[in-house]
Amino acid sequence: MGVPPLTLNDGRVGGVKLRGQRAHLAPRGFTLVGFMSSLPPPRHSSKPKGFEAQPKQAVKAVTDPEPLKLSGSDVKILEALASNPAATLAEICSMCGLSWSTVQRRVARLKKLGAFSVVGVPSLPRMGLTRMLAFSDSRTVITSPYLAGLYRTISLEPIRVWDLLVPSKAYRDVLGRLSRAGITTLTVEFLEHDVSFSCYTDGWRVDWSELKSAWVSLKAPTPPPGRRACRIIPLKPSDLSILPFMVEEFKASLRSLSSKVGLSVSRVLASRRRLQSRGFITPILTIADAAGLREKYLIVLRNMKIPSCILQLPQKTIYLTQTDGGRRLLVQASLPAGSLNPLTDLLEDSCTSILILDLKPNVFLKDPLKLLDRKNREWIWKKSYLEIKSKQATGP
């Protein structure tokens, strides 16, 4: 069953919809009806050049602190971690040509200031799980032990985005129940993540004019057409118990993991090695808001071709989604302040919409052992595991 078009009950979603050669922002919020449909004309008479000011609710009362300045050594260390997120301090020293004490001191400083993190992206299809995004209004509440996250888009009437990791065998059931409740769904599958420091010089400075002049379409990589098994694989309970913690902090110490899951250090080490060697988790480096990449945009491309200019953005994560119109690509971009207008001008001919949304690549179930049938090695699914309720709106 294909995923229904992205259409909300009230026709609004927190983002920017492209129409023709220019993007418009309707006064009462953003409109997104399907991936290829057009936006109703705004209520003002003249078409603005670029975008209107953000809604009042989106304006922060407190000014954000100045972003952290990265030194040349900091950039070298982060570039080394971007190429090999699982690298040890000794390996980073070898790649950067810096002393061990310098690397240790600067890595500790960057971690303390929250400039970066090394997280783990679980291979959900191999575990028999399907990631679904459910778009609802602010009055709808979804309750499920398979709920992995909740996001909010920015508009006058905030839209909630529920991040569900459902068993593949229950996908059609969940899709039908959400659809009958008037909730739009979208499947998401992680493809790749990349961080580029080519545009960092004492701060992030993206040369948008150069990117636009060098715009070329490329074909993005697609995942192998592997079978989506409903059974959960040869994952031992000890492996599954440490997986949620490695997703949050991939390089967590063995002692820390041991104390959290109640296993010996030797068993935790063996489980961590199995998860990495069998490809159940992939480490990635993410640059945090403190380092200056504070604006988060989810770009919905028209097809499976990705412009090369997107690959030159500071930080991007590429996802695959399946719709009635075929496969599409989603790009989650983290950019410096003031990037909305130039980003839209750059991609107005190659994408259908830009949502103000921070879609996390590292999501997993909070307590997966409680949802696992250890005897049959399958995820447990019951009708009561998905509840959809509506209540009076009390704010975002």
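Asker: Residues and numbers for the overall build of the protein chain, please.
Answerer: A tally of helices and strands in the protein chain yields nine helices and 18 strands. For the protein chain, with 396 residues in total, the buried portion stands at 53%. Across the protein chain, every contact between residues at least 6 apart in sequence was considered, and the portion connecting residues at least 24 apart equals 77%. Total accessible area computed for the protein chain in this model is approximately 18,600 Å², and 52% of it derives from carbon and sulfur atoms.

Asker: How would you summarise the pattern of salt bridges if you had to cite specific residues and measurements?
Answerer: Oppositely charged side chains may form a pair once their charged atoms are brought near each other. In total, this model carries twelve salt bridges according to the counting rule given. Among the ionic pairs, Glu-387 bridges to Lys-389, the shortest N-O distance being 3.9 Å. By relative accessible area, which is 33% here, Glu-387 ends up partly exposed. In this structure Lys-389 comes out as exposed when scored by relative accessible area, which is 53%. In this structure, a network of salt bridges that share partners links the residues Asp-74, Arg-106 and Arg-109.

Asker: Describe the packing of aromatic side chains, naming the residues involved and giving the relevant values.
Answerer: The full count for this structure, using the stated rule, is six aromatic pairs. On the numbers, 6.2 Å between centres and 55° between planes, the contact of Tyr-146 with Tyr-385 is tilted. Of this pair, Tyr-146 sits in the loop between strand S5 (140–143) and strand S6 (147–152) while Tyr-385 sits in the loop between strand S17 (378–379) and strand S18 (387–390), and the two are 239 residues apart along the sequence. With respect to burial, Tyr-146 and Tyr-385 carry one shared label: buried.

Asker: I'd love a proper account of the packing of helix H2 (residues 89–96) against helix H3 (residues 100–112), names of residues and values included.
Answerer: Their axes nearest at 9 Å, the elements H2 and H3 cross at an angle of 110°. By the angle class used here, H2 and H3 are roughly perpendicular. Handedness of the crossing formed by H2 with H3: right-handed. Listed contacts from H3 to Leu-89, Ala-90, Ile-92 and Cys-93 of H2 are Trp-100, Val-103, Gln-104 and Val-107. When its residues are assigned to classes, the contact of H2 with H3 shows seven nonpolar, one polar and no charged.

Asker: Quick one: what's the story with helix H6 (residues 237–248), residue by residue and with numbers?
Answerer: Helical geometry: 3.6 residues make up each α-helical turn, so side chains three or four residues apart lie on a common side. In terms of residue burial, H6 counts as a mostly covered element, since nine of its twelve residues are buried. All of the buried residues along H6 are Ser-238, Asp-239, Leu-240, Ser-241, Ile-242, Leu-243, Pro-244, Met-246 and Val-247. Elements in contact with the buried residues of H6: strand S3 (116–122), helix H7 (254–261), helix H8 (265–277), strand S10 (281–287), strand S16 (372–373) and S17.

Asker: I'd like to hear about the environment of Asp-358, residue by residue, with values.
Answerer: Looking at where Asp-358 falls in the secondary structure, it is placed in the loop between strand S15 (351–355) and S16. Take Asp-358: its relative accessible area is 23%, and that puts it in the partly exposed class. Through-space distance from the C-alpha of Asp-358 to that of Gln-332 is 7.1 Å; in sequence the pair is 26 residues apart. When neighbours within four sequence positions are excluded, Asp-358 is seen to be in contact with Tyr-151, Lys-296 and Gln-332.

Asker: Got a sec to walk through the pairing of strand S13 (residues 315–323)? Specific residues and values, please.
Answerer: With eight of its nine residues buried, S13 lies for the most part within the structure. One ladder, built from nine bridges, connects S13 with strand S14 (residues 326–335); its direction is antiparallel. The partner of Thr-321 across the bridge, within S14, is Arg-328.

Asker: How would you sum up the nonpolar core? Please name residues and give values.
Answerer: Residues Phe-116, Phe-197, Ile-287, Leu-329, Leu-343 and Phe-364 are the most contacted members of the largest nonpolar core, which totals 107 residues. Discounting chain neighbours no more than four positions away, the residues touching Phe-116 are Leu-78, Leu-81, Val-107, Leu-110, Lys-111, Leu-285, Thr-286, Ile-287 and Ala-288.

Asker: Tell me about H3, and name the residues and values.
Answerer: Here H3 is 13 residues long and its end C-alpha atoms lie 18 Å apart, about the 18 Å a rise of 1.5 Å per residue gives. Among all positions of H3, only Thr-102, Val-103, Val-107 and Leu-110 are buried. Looking straight down H3, one finds that the buried residues subtend no more than 120° of arc, so they occupy a single side. In this structure, the buried residues of H3 make contact with helix H1 (72–83), H2 and S3.

Asker: Account for unusual backbone geometry, with residues named and values stated.
Answerer: In this structure, Asp-202 takes a positive phi of about 55° despite not being glycine. Mapping Asp-202 onto the fold places it in the loop between strand S8 (184–195) and helix H5 (208–213). Phi is positive for Arg-377, close to 55°, though the residue is something other than glycine. Along the polypeptide, Arg-377 turns up in the loop between S16 and S17. A relative accessible area of 32% means that Arg-377 is categorised as partly exposed.

Cut-offs used in this document
- Per chain, residues are indexed from 1 in the order of the written sequence.
- Selection of residues for local features in this predicted model requires a pLDDT of at least 70, selection of side-chain atom pairs for listing and counting requires 80 or more, and totals for whole chains, interfaces and linings are taken over all residues.
- Values reported for side chains reflect all heavy atoms of the structure, with hydrogen atoms and water molecules removed beforehand.
- Comment: elements are numbered from the N terminus, with helices defined as DSSP H or I runs of at least four residues and strands as E runs of at least two.
- Burial here depends on accessible area, computed with a 1.4 Å probe over protein chains only, as a share of the maximum for the residue type. Under 20% is buried, over 50% is exposed, and the range in between is partly exposed.
- In what follows, residue pairs with any heavy atoms lying within 4.5 Å of each other are defined as contacts.
- Per-residue and other accessible areas follow the Shrake-Rupley method at a 1.4 Å probe size, with only the shown protein chains counted as cover for residues.
- Salt-bridge detection follows one rule: a side-chain nitrogen of Lys or Arg within 4 Å of a carboxyl oxygen of Asp or Glu.
- Here the aromatic set is Phe, Tyr and Trp, taking the six-membered ring for Trp, and pairing holds for ring centres within 6.5 Å; pairs whose planes are under 30 degrees apart are stacked, those over 60 apart are edge-to-face, and all others are tilted.
- Note on geometry: axes are lines fitted to C-alpha atoms, helical ones only across the stretch in contact, with angles between N-to-C directions running from 0 to 180 degrees.
- An angle counts as roughly parallel when it lies under 35 degrees, as roughly antiparallel when it exceeds 145, as roughly perpendicular when it falls between 65 and 115, and as oblique in every other case.
- We call a crossing left-handed when the near helix sits turned anticlockwise from the far one by less than a right angle, and right-handed when that turn is clockwise.
- Residues are sorted three ways: Asp, Glu, Lys and Arg are charged, Ala, Val, Leu, Ile, Met, Phe, Trp, Tyr, Cys and Pro are nonpolar, and all the rest, Gly among them, are polar.
- Paired strands, in this sense, are two strands between which DSSP finds at least two bridges.
- Within this scheme, the nonpolar core is defined by two criteria: the residues are buried Ala, Val, Leu, Ile, Met, Phe, Trp, Tyr or Cys, and they are joined through side-chain atoms within 4.5 Å.
- In this scheme, a helix's expected span is set at 1.5 Å multiplied by one less than its residue total.
- As used here, the arc belongs to the directions running from the helix axis to the C-beta atoms.

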